[in-house]
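# Summary of structural features
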Amino acid sequence: MTTQARMTINLVAGERRQLLLDPGSTLFVASGQVLVTSPFGWLAEQMHQRSALLDAETVMLVESGGWIEVEGRRACQLVLISPTASGLGASLKRYLNAWLATHWAGSSRSAGR
């Protein structure tokens, strides 16, 4: 993921993808639900693999790099932000503010009907 500062991925329910992430990458679940599975690692002489079920509007920091697997449990949109992006915090804040502005603006319009 070093060639892009930010990448958006859309998954349908049941679709799986393997992604190579840099250490410190940020995963934002814009909508839907996704299962994120970390690469295998060693824990006290045992192979270990962690999984996390993330819902919409959840942010996950990927501390160790490597190949992760993402599986859409429901149709979802993911945003991956590389740590090499200049001003990562500012970039994430701008993206989240823009996404929330469009999301909440759409919700308030439909609620007013």
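Residues numbered from 1 in each chain as written. Predicted model: local features only at pLDDT ≥ 70, side-chain atom pairs only at ≥ 80, totals over all residues. Heavy atoms only, no water.

## Details of the overall build of the chain
Within the chain, the secondary structure is distributed over one helix and eight strands. Listed by position from the N terminus, the elements making up the chain come as β-β-β-β-β-β-β-β-α. In the chain, which comprises 113 residues, the proportion classed as buried is 33%. Pairs at least 24 residues apart make up 77% of the contacts formed inside the chain by residues separated by at least 6 positions. Counting only carbon and sulfur atoms, one obtains 54% of the accessible surface of the chain, whose full area is about 6,900 Å². (Helix = DSSP H or I, 4+ residues; strand = E, 2+ residues; numbered from the N terminus. Buried < 20%, exposed > 50% of the residue type's maximum accessible area, 1.4 Å probe, protein only. Contact = heavy atoms within 4.5 Å. Areas by Shrake-Rupley, 256 points an atom, 1.4 Å probe, with all protein chains shown as cover.)

## As for the pattern of salt bridges
For the structure shown, the criterion picks out four salt bridges. Two residues, Glu-71 and Arg-73, come together in a salt bridge whose shortest N-O distance is 3.8 Å. The partly exposed category is assigned to Arg-73, whose relative accessible area is 41%. Through salt bridges that share partners, Arg-16, Glu-69, Glu-71 and Arg-73 make up one connected network. (Salt bridge = Lys/Arg side-chain N within 4 Å of Asp/Glu carboxyl O.)

## Re a nonpolar patch on the surface
Taken together, the side chains of Phe-40, Trp-42 and Met-47 define a hydrophobic patch exposed on the protein surface, amounting to about 420 Å² of accessible area. Along the chain, Phe-40 turns up in the loop between strand E3 (25–37) and strand E4 (41–43). For Phe-40, a relative accessible area of 56% puts it in the exposed group. (Patch = residues over 30% accessible without salt bridge, like charges linked within 9 Å, V, L, I, M, F, W, Y side chains within 5 Å.)

## Some thoughts on the nonpolar core
Counting residues in each nonpolar core, the largest one holds 15 residues, and the members touching the most others are Leu-11, Leu-19, Val-34, Val-36, Val-70 and Leu-78. At the level of elements, strand E1 (6–11), strand E2 (16–21), E3 and strand E8 (66–81) are the ones that each hand at least two residues to this core. If we ignore the near neighbours within four places in the chain, the residues touching Val-70 are Leu-11, Glu-15, Arg-16, Arg-17, Leu-19, Val-34, Leu-35, Val-36 and Leu-78. Within the second largest apolar cluster, seven residues are counted, among which are Val-79, Ile-81, Leu-92 and Trp-99. (Core = buried A, V, L, I, M, F, W, Y, C linked by side-chain atoms within 4.5 Å.)

## What to know about the environment of Pro-39
Tracing the backbone shows Pro-39 in the loop between E3 and E4. For the pair Pro-39 and Gly-65, spaced 26 residues apart in the sequence, the C-alpha separation amounts to 8.6 Å. Excluding its chain neighbours within four sequence positions, the residues that come into contact with Pro-39 are His-48, Gln-49, Gly-65, Gly-66, Trp-67 and Ile-68.

## Concerning the pairing of E3
When you tally the buried positions in E3, you get twelve out of 13 residues, the bulk of the element. Two strands pair when backbone bridges link them, and E3 and strand E7 (residues 58–62) are joined in this way by five bridges, in the antiparallel orientation. When the bridges of E7 are listed, Thr-26 appears paired with Leu-61. Pairing analysis gives ten bridges linking E3 to E8, with the strands arranged antiparallel. Residue pairing for E8: Phe-28 is matched across the bridge by Val-79. Taken together, the five bridges between E3 and strand E6 (residues 51–55) define a ladder with antiparallel strand orientation. (Pairing = 2+ DSSP bridges.)

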